[in-house]
Amino acid sequence: MKKILALILVVTTMMTVAGCSGTTNDTSATSEDVKVWRFCHEESVGSVQDQFAMKFKELVEEKSGGKIRVDVYPVGQLADGVGAIELLRYNAVNFAINNPATVATIIPENQLLMLHYVFSDDMEVNRKALNEGNATKELDRLYTEKDMIPLNWFQEGFQVVTSNFPIYTPEDMNGFKIRVMASPLLIAAYSAYGCNPTPVPYMETYSNLQLNMIDGQVNPVFAEEMKFYEVQEYLNFLNHEVFIGTFCTNPEFWESLTDEEKTMVMEIQEELDQYVFDMQNQYSQERLEKILANKPSIELIEYTDEERAAFQEKAQAGYDYYLGLTGEEGQKLLNMLQEDIAVAEKELNQGV
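The structure reproduced in this document is the subject of the present report. This one's a predicted model, so the numbers in the text were calculated from it and none came from an experiment. (Residues numbered from 1 in each chain as written. Predicted model: local features only at pLDDT ≥ 70, side-chain atom pairs only at ≥ 80, totals over all residues. Heavy atoms only, no water.)

Our next topic: helix α3 (residues 81–89). Of all the positions in α3, only Gly-81, Ala-84, Ile-85, Leu-87, Leu-88 and Arg-89 are classed as buried. Following α3 by one or two positions, Asn-91 has its phi on the positive side, about 60 degrees. (Buried < 20%, exposed > 50% of the residue type's maximum accessible area, 1.4 Å probe, protein only. Helix = DSSP H or I, 4+ residues; strand = E, 2+ residues; numbered from the N terminus.)

Structural data, given as structure tokens:
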């Protein structure tokens, strides 16, 4: 029944989207000889995920000689983040980008990637750990059991806490009503700082800030396109949480591809790994500059190691919650990730 409902939703929405101007899809190219691959993601147009998807579209259509068309659907066109996961699992869409929070209800172990201060401050180290480490290989297995095949794990930058007052210590966050994704681990992690974590849909966050229904929110700097800074006065760079994107395909769809098509997709995802890494670095710089240009009064708060240590101590509560939820499997994954990061740091420092 779920599969039928999902397919009905996709068909109905696709018909609506196709009839609207300004979409990312060119339906004029449709013919009997053209395959159509559907790709949805959980961010707005112009975001890191959207640029990843649009580059994938460009490369697939170019390398297939026009024999394949990729239709890209940003958040809200087919579903929200959680809904998009179901569409992927039932093969109503063929590719999707999700994050650990939206997959948490079906794969609680992957909340590992949302633990505060689990990653390095060096994004090259994190990239190497995600691409080559054992932790993501184990997560690949868990995803596949839930009808999703990860093709790439990539980072979208550090999360930044926005607020209308400066945050220097965990005590400054007592009672702070912060918007988070609907993840039990995130709720536990921010509660440990004294916050009042409040799940709010991404597209409703601005209005909730504007109406003082929440006090702040947490997102990477690239979320500048959502204009959250217009109704906030401080950007607090705790460097506590890296936002991770997972590029997945559906197993049934994947097995339907020719060997040539599979090879093409894998070659493209390798190219996209470098592309998205460079892009998130560029976005972090350019969009911060744009925020400062549009709102010179906004203040940036950065932290010393000593100041961050106070937050790291509180963050242990998030680890305790994660291990209580996932048990031995979670501990094994945590050990793997910590080892992956240590190995990556050693190899990069040695110039390997």
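From this point, things continue past the structure.
With that settled, consider the pattern of salt bridges. Tallied over the full model, the rule gives 16 salt bridges. Across the pair Glu-347 and Lys-128 runs a salt bridge whose closest N-O atoms are separated by 3.3 Å. With Glu-347 in helix α11 (residues 305–349) and Lys-128 in helix α5 (residues 123–132), the pair connects residues that are 219 residues apart, well separated along the chain. Taking the shortest distance from any N to any O, the salt bridge between Glu-233 and Lys-295 comes out at 3.3 Å. You can see Glu-233 sitting in the loop between β7 (216–220) and β8 (234–237) and its partner Lys-295 sitting in the loop between α10 (259–294) and β10 (299–302), a full 62 residues away along the chain. (Salt bridge = Lys/Arg side-chain N within 4 Å of Asp/Glu carboxyl O.)

All right, on to the packing of α5 against α10 then. At a minimum axis distance of 12 Å, the contact between α5 and α10 shows a crossing angle of 150 degrees. In terms of orientation, α5 lies roughly antiparallel with respect to α10. The handedness of the crossing between α5 and α10 comes out as right-handed. Along the contact surface, α5 presents Met-123, Glu-124, Arg-127 and Asn-131, while α10 presents Asp-273, Gln-274, Phe-277 and Gln-280. Here the contact of α5 with α10 is built from residues that sort into two nonpolar, three polar and three charged. (Axes fitted to C-alpha atoms, helices over the stretch in contact; angles between N-to-C directions. Parallel < 35°, antiparallel > 145°, perpendicular 65-115°, else oblique. Left-handed = near helix turned anticlockwise from the far one by under 90°. Contact = heavy atoms within 4.5 Å. Nonpolar A, V, L, I, M, F, W, Y, C, P; charged D, E, K, R; others polar.)

Turning our eyes to something else, we now look at the pairing of strand β2 (residues 68–73). Two faces, one strand: in a regular strand the side chains alternate between the faces of the sheet. Taking burial as the measure, the six residues of β2 include six buried ones, the bulk of the element. Residues Ile-68, Val-70 and Val-72 point to one face of β2 and Arg-69, Asp-71 and Tyr-73 to the other, with burial holding for every one of them. Of the pairings in the sheet, the one linking strand β1 (residues 35–40) to β2 comprises six bridges and is parallel in character. In the strand pairing of β2, Cys-40 is matched with Tyr-73. (Pairing = 2+ DSSP bridges.)

One pass over the full model with this rule turns up 17 aromatic pairs. Summarising the aromatic geometry, the rings of Phe-165 and Phe-176 are spaced 5.4 Å apart at their centres and angled 80 degrees between planes, so their arrangement reads as edge-to-face. Of the two residues, Phe-165 sits in the loop between β4 (149–163) and β5 (178–180) while Phe-176 sits in the loop between β4 and β5, which places them eleven residues apart along the sequence. On the accessibility criterion, Phe-165 (30% relative accessible area) is partly exposed. Each ring, one from Tyr-190 and one from Tyr-193, has its centre 6.0 Å from the other, and the planes form 80 degrees; the classification is edge-to-face. Judged by relative accessible area, Tyr-190 falls into the buried class, the value being 1%. The buried category is assigned to Tyr-193, whose relative accessible area is 2%. Through successive ring pairs, a cluster of aromatic residues spans Trp-37, Phe-39, Phe-52, Phe-56, Phe-95, Phe-154, Phe-247 and Phe-253. We note Arg-127 situated over the ring of Phe-277; from NZ or CZ to the ring centre the distance is 4.8 Å. Seen from the ring of Tyr-283, Arg-287 lies directly overhead, with NZ or CZ sitting 4.0 Å from the centre. (Phe/Tyr/Trp six-rings, centres within 6.5 Å; stacked < 30°, edge-to-face > 60°. Lys NZ or Arg CZ within 6 Å of the ring centre and 35° of its normal.)

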